[in-house]
Amino acid sequence: MTKDIPNLATSIIVMAQSNPDVLYVGTGEGYYNVDQIDGSGIWKTTDAGLTWAQLPGTSTRADFQNVMRIVVDPANDSVVVVATSPGFNGGATKSKIMKSTDGGLTWDQKYSSGSSVQDLVATPGNFNVMYATVNATGVIKSVNAGDSWSNSSSGISGVGRMEIDVSPVNTDNIFISAEGGSVGSIFYFSTNAGSSWTGVDPSENFLGGQGWYDNAMVANPYDSNSCFVGGVNIWRIDVIASDSIKLTNITDGYSQFGGTSKGVHVDQHVLVTFKTNEATQSYRLLNGNDGGVAYSDNGGSTFTTTKNGYNTTQFYGADKMNGSSRYVGGMQDNSSWMSGVDPDASSSWSFKWGGDGYEADWNYADPNKILVSSQYNSVGISTDGEIGRASCRERV
């Protein structure tokens, strides 16, 4: 669908509720990862993804170098509010909230901060009321569809990145998954539309130590006191009293909490719910992670992964065999793999080395010698033209 978009660093995709043929895509990474790829502004389609156009007001303007979040007025697909974080790791210029009322042709600045604005949501059923999170600062709130913003952080302190969502059941209830607290993750909730917040240090670090990068949040569509959060794994959080929560592990990618991965890759980046049957209060929990997309129709008891040709692979490094069109490469958080001869888009590759796949090197003079690598300076060495634990020696 996106052959017209030359930038692969997509951070947000939003479909207009009033016209599903209209979608906006924000590009660029602003989450302090060392392999950050700068974006190319905002792209838009008006034909459900058949063709895409780069919004001219965002293509060269530095304010749109990294587009973090986009919200579209559900009644008017031309009204768009975005959060941006320009520069490498958000450090070059001030982070902004920008608004367009003409479908992205022109933009007005509505907020500016020296810290990164990283999440932005509109209240379900009331586009006028919005919330945004500012890294290391707190929450800001708008009551006029993003035209002006005020501080809404009473009770919040000592946080880094925050993801926020509003309960669609009771919009006074708002949840925050934050990097910080005594264990590395802290949960905040408000029962008065952000006038004040209660912070609860959880029993487990539900973000897994990577809340600056792996951080996702979505409210339960039927329970005003429940939400799902994603860090390394997926968790459910239930507010059970004015100052306490119940934390339930949903996926356990590294078997740390007595559970299983349920087929879901580690490192969660987005969680979405949508209702499937209101009579039975059924819904689908959709999850995007470093390994692709998974969904659950039973509240996280089981998951289905939706591969079917959809790949989310990013090569950190690759090399070609001299004299043959075979390749070996390391993939971000998805191990090292080797191709057959003359691979195409439908070819299968074979798994060769685990972990975060990094650089790979195929000896030019001797094709039997291959190097692959992964995190913690782990290097695999093969001298027989194959890679795998049986034929590879590990060096650190």
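Note: the structure precedes this text.
Report follows, based on the coordinates.

So, how was this worked out
- Residues numbered from 1 in each chain as written.
- Predicted model: local features only at pLDDT ≥ 70, side-chain atom pairs only at ≥ 80, totals over all residues.
- Heavy atoms only, no water.
- Helix = DSSP H or I, 4+ residues; strand = E, 2+ residues; numbered from the N terminus.
- Rg over C-alpha atoms; globule rule 2.2 N^0.38 Å.
- Contact = heavy atoms within 4.5 Å.
- Areas by Shrake-Rupley, 256 points an atom, 1.4 Å probe, with all protein chains shown as cover.
- Lys, Arg positive; Asp, Glu negative; His and termini not counted.
- Charge placed at Lys NZ, Arg CZ, Asp CG, Glu CD.
- Phe/Tyr/Trp six-rings, centres within 6.5 Å; stacked < 30°, edge-to-face > 60°.
- Buried < 20%, exposed > 50% of the residue type's maximum accessible area, 1.4 Å probe, protein only.
- Lys NZ or Arg CZ within 6 Å of the ring centre and 35° of its normal.
- Patch = residues over 30% accessible without salt bridge, like charges linked within 9 Å, V, L, I, M, F, W, Y side chains within 5 Å.
- Salt bridge = Lys/Arg side-chain N within 4 Å of Asp/Glu carboxyl O.
- Core = buried A, V, L, I, M, F, W, Y, C linked by side-chain atoms within 4.5 Å.
- Pairing = 2+ DSSP bridges.
- Axes fitted to C-alpha atoms, helices over the stretch in contact; angles between N-to-C directions.

Bringing the overall build of the chain into the picture now. On a plain count of helices and strands, the chain comes out with 1 helix and 32 strands. Its C-alpha atoms give the chain a radius of gyration of 22 Å, within 12% of the compact-globule value 21 Å for 396 residues. Long-range contacts, defined here as pairs at least 24 residues apart, represent 41% of the contacts in the chain between residues at least 6 apart. Carbon together with sulfur atoms contributes 48% to the accessible area of the chain, which is approximately 17,400 Å² in total. When the 23 positive and 39 negative side-chain charges of the chain are each reduced to one mean point, those points stand 2 Å apart.

Below, the discussion takes up the packing of aromatic side chains. Evaluation of the coordinates by the stated rule reveals 10 aromatic pairs. Relative to Phe-257, the ring of Trp-235 lies with its centre 4.8 Å away and its plane at 75°, an arrangement referred to as edge-to-face. Of the two residues, Trp-235 sits in strand β19 (residues 234-241) while Phe-257 sits in the loop between β20 (244-249) and β21 (268-277), which places them 22 residues apart along the sequence. Where Trp-337 meets Phe-351, the ring centres are 5.6 Å apart and the plane angle is 80°; that geometry is what we call edge-to-face. Of this pair, Trp-337 sits in strand β27 (residues 336-338) while Phe-351 is found in strand β28 (residues 350-353), placing the two residues 14 residues apart along the sequence. Accessibility expressed as a relative area gives 47% for Phe-351, which makes it partly exposed. Taking the ring centre of Tyr-295 as reference, the NZ or CZ of Arg-284 above it sits at 3.9 Å.

Let us look at a nonpolar patch on the surface. A surface patch of nonpolar side chains, amounting to about 210 Å² of accessible area, comprises Val-270, Val-272 and Phe-274. The residue Phe-274 is located in strand β21 in this model.

For the rest of this paragraph, the subject is the environment of Val-372. Within the secondary structure layout, Val-372 lies in strand β30 (residues 370-374). Taking C-alpha positions, Val-372 is 38 Å from Ser-115, a pair spaced 257 residues apart along the chain.

With that settled, consider the nonpolar core. In globular proteins that are soluble, nonpolar side chains generally tend to be buried together. In terms of nonpolar packing, the biggest core is built from 18 residues, with Ile-97 and Trp-149 touching the most fellow members. Listing elements by their share of this core, those giving two or more residues are β5 (67-72), β6 (80-84), β9 (117-123) and β10 (126-134). Among the elements that line this core, the one with the most residues is β10, at 4 residues. When sequence neighbours within four positions are dropped, the list of residues in contact with Ile-97 reads Val-81, Val-82, Asp-108, Gln-109, Lys-110, Tyr-111, Val-117, Ala-132, Ile-140 and Trp-149.

For the rest of this paragraph, the subject is unusual backbone geometry. For residues other than glycine, phi is negative in most cases, and the peptide bonds are mostly trans. The backbone of Asp-342 shows a phi angle near 50°, a positive value even though the residue is not glycine. Structurally, the position occupied by Asp-342 is in the loop between β27 and β28. You can call Asp-342 exposed: its relative accessible area is 54%.

Glancing now at the sheet that holds β6. On the basis of which strands lie adjacent, the open sheet formed by 4 strands has the order β5-β6-β7-β8 and antiparallel pairing. Bordering the open sheet on either side are β5 and β8 (108-113), each of which pairs with just one other strand. When strand polarity is set aside, the average angle formed by the axes of neighbouring strands in this sheet is 15°. Sheet topology note: the β6/strand β7 (residues 95-100) ladder contains 5 bridges and is antiparallel. Looking across to β7, one finds that Val-80 is bridged to Ser-100.

Judged by pairing direction, the sheet is antiparallel, and its 4 strands sit side by side in the order β25-β26-β27-β28 without closing on themselves. What marks the edges here is a single partner per strand, and that holds for β25 (315-320) and β28. For this sheet, the mean inter-axis angle between neighbouring strands, taken without regard to orientation, is 25°. By the bridge criterion, 5 bridges tie β25 to strand β26 (residues 327-331) in an arrangement that is antiparallel.

Attention now goes to the environment of Tyr-111. Secondary-structure assignment places Tyr-111 in strand β8. As for Tyr-111 and Ile-97, which are separated by 14 residues in sequence, their C-alpha atoms are 5.0 Å apart. Once residues within four sequence positions are removed from consideration, Tyr-111 is found in contact with Ser-95, Lys-96, Ile-97, Val-117, Val-134, Ile-140 and Trp-149.

Everything listed is a geometric property; what it means functionally is a separate question.
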